[in-house]
Structure formats: C-alpha cells, structure tokens
Amino acid sequence: MTTSKLDAIDLKILDAIQRDGRITKLALAEKVGLSPTPCWMRLRRLEKAGIISGYHARVDLRLVAPVATVLVEVTLASHRQADFDRFERAVRGSPEVIACWSVGGGIDYMLKVATRDIDAYQRFIDAMLEREIGIDRYFTYIVTRTVKEEIALPVATLLPPEA
C-alpha cells in the first residue's frame, strides 16, 4: 500500500489508534464516521500492509524506577558497510539503547539511552568502547527535562497536499 492509496478516513483511523491503541472497534468506527464492519476492514488492510506495525503500552519509566535519559552522538572510525553493520548489530543487542538513528552531517548516529543513573550510563558506554565496535568519538548529552515527547506521528501533515 502506498501513501496515494490512503484517504482521509484511513488517516483518521491511524490518528485514532495511535492515540488510543485500546479503542474499541465500535468507538473507532464512530470516531472516523464509518459503520463498524467497513472500519474494521480498513483497519485490517492497514495492518496487513504493514502501515500499522503493532500495538504497545506506553510506560512511564520514571514511575517504575529511577532513570537517566542520555542522547549520544557517535562517529565511527571507519565508514565501510561492514563497520556500520557491526555497530548496528551491537546497538540492536543493547537494551539500554531505546532508539538509534543513522544520520547525515558531521556524525554517524544519534542514540537515545536509558539507564538507572549516570554511573550506569558510563559503565554502558565504557563497555561499548571495550567491545571495539568501531566507535571513534562520542558526545554525551544528559536529558535534564522532557519538554515534549510524542509517540503519535502526525500522519496527516506528512502526506503531500491534494491538488
């Protein structure tokens, strides 16, 4: 399914389920202005196309245990495909890394890391360096306060305007 096959109702469905993954079929149908059966069929189509990749609970880690959130810029020493692959395998295998983006510009990756505290973060980064996964330089930014963090993507604003 390509974005050209998404219509306004599909976008309403995506918006609604991002904001409430536990919404009932009936409530979703009412919210998007369809009867339940066609709404359910659209939802299934979006799931089968991979546009909806899963349903998740959002957990506020600060209410579970102490947490330090750290953003890390990483530059690799070498830029062969094997170097990127090795680094990315290590990141995927590290539960402390809760997000990783390959970026353009002066650095290679941005990581979002969650640990119990700053000492635990330092132990994590020391272990990553000892693994010799190609890290040349890294810069650490401690998150002192979350101002905004959205999970729901603004799907309607990401599509080109209709002619």
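Residues numbered from 1 in each chain as written. Predicted model: local features only at pLDDT ≥ 70, side-chain atom pairs only at ≥ 80, totals over all residues. Heavy atoms only, no water.

Draft legend 1. Region of interest: the packing of helix H1 (residues 8-19) against helix H3 (residues 36-48). The contact between H1 and H3 brings their axes to 10 Å, and the two run at 75 degrees. The orientation of H1 with respect to H3, classified from their angle, is roughly perpendicular. Packed against H1, whose contacting residues are Ile9, Asp10, Ile13, Leu14 and Ile17, the element H3 presents Cys39, Arg42, Leu43, Arg45 and Leu46 at the interface. (Axes fitted to C-alpha atoms, helices over the stretch in contact; angles between N-to-C directions. Helix = DSSP H or I, 4+ residues; strand = E, 2+ residues; numbered from the N terminus. Parallel < 35°, antiparallel > 145°, perpendicular 65-115°, else oblique. Contact = heavy atoms within 4.5 Å.)

Draft legend 2. Structural context of helix H2 (residues 25-32). The complete set of buried residues in H2 reads Leu28, Ala29 and Val32. For H2, the buried positions fall inside an angular range of 100 degrees around the axis, keeping them on one side. Opposite the buried face of H2, by more than 90 degrees, sit the exposed residues Glu30 and Lys31. Here the buried face of H2 lies against H1 and H3. One or two positions beyond H2, positive phi appears at Gly33, with a value near 80 degrees. (Buried < 20%, exposed > 50% of the residue type's maximum accessible area, 1.4 Å probe, protein only. Arc of directions from axis to C-beta.)

Draft legend 3. Just the confidence of the model for the chain, in detail. Scored by pLDDT, the chain comes out at a mean of 92, with 94% of its residues at no less than 70. Mean pLDDT per element in the chain: helix H6 (residues 155-158) is the minimum at 77, and strand S3 (residues 109-115) is the maximum at 98. (pLDDT = per-residue confidence, 0-100.)

Draft legend 4. Broad picture of the pattern of salt bridges. What the rule picks out here adds up to 11 salt bridges. What you see here is one network of salt bridges that share partners, running through Asp7, Asp10, Arg42 and Arg45. (Salt bridge = Lys/Arg side-chain N within 4 Å of Asp/Glu carboxyl O.)

Draft legend 5. Structural context of the packing of H2 against H3. Relative orientation of the contacting elements H2 and H3 amounts to 95 degrees, with a least axis distance of 9 Å. Between H2 and H3, the angle is such that the two are roughly perpendicular. Counting all contacts with H2, which are made through Lys25, Leu26, Leu28, Ala29 and Val32, the residues of H3 involved are Pro36, Cys39, Trp40 and Leu43. The class makeup of the residues in the contact of H2 with H3 is 8 nonpolar, no polar and 1 charged. (Nonpolar A, V, L, I, M, F, W, Y, C, P; charged D, E, K, R; others polar.)

Draft legend 6. How the structure looks around the pairing of S3. Of all 7 residues in S3, 7 are buried, a share of seventy percent or more. Judged by which residues are buried, S3 turns out to be covered on both faces: Tyr109, Leu111, Val113 and Thr115 on one side and Met110, Lys112 and Ala114 on the other are all buried. Looking at chain direction, strand S2 (residues 97-102) and S3 are connected through 5 bridges and run antiparallel. Across the sheet, residue Ala99 finds its bridge partner in S3, namely Lys112. Connecting S2 to the antiparallel partner S3 that follows it, the hairpin turn spans 6 residues, and Gly105 within it adopts a positive phi of roughly 110 degrees. (Pairing = 2+ DSSP bridges.)

Draft legend 7. Just the nonpolar core, in detail. Membership of the largest hydrophobic core comes to 18 residues, with the highest contact counts inside it found for Val72, Val74, Phe87, Leu111, Val113, Tyr121 and Phe124. Elements with a contribution of two residues or more to this core: strand S1 (68-76), helix H4 (81-92), S3 and helix H5 (118-130). Apart from residues no more than four positions distant in its own chain, Val74 is found in contact with Phe87, Ile107, Asp108, Tyr109, Leu111, Ile135, Arg137 and Tyr138. Within the second largest apolar cluster, 15 residues are counted, among which are Leu6, Cys39, Leu43 and Leu46. (Core = buried A, V, L, I, M, F, W, Y, C linked by side-chain atoms within 4.5 Å.)

Draft legend 8. Here's a closer look at the environment of Ala152. Position of Ala152 among the secondary structure elements: in the loop between strand S4 (135-142) and H6. Given a relative accessible area of 13%, Ala152 falls into the buried group. When sequence neighbours within four positions are dropped, the list of residues in contact with Ala152 reads Gln18 and Arg19.

Draft legend 9. Quick look at a nonpolar patch on the surface. The grouping of Val59, Leu61 and Val64 at the surface amounts to a nonpolar patch, some 290 Å² of accessible area in total. Structurally, Val59 can be placed in the loop between H3 and S1. The exposed category is assigned to Val59, whose relative accessible area is 55%. (Patch = residues over 30% accessible without salt bridge, like charges linked within 9 Å, V, L, I, M, F, W, Y side chains within 5 Å. Areas by Shrake-Rupley, 256 points an atom, 1.4 Å probe, with all protein chains shown as cover.)

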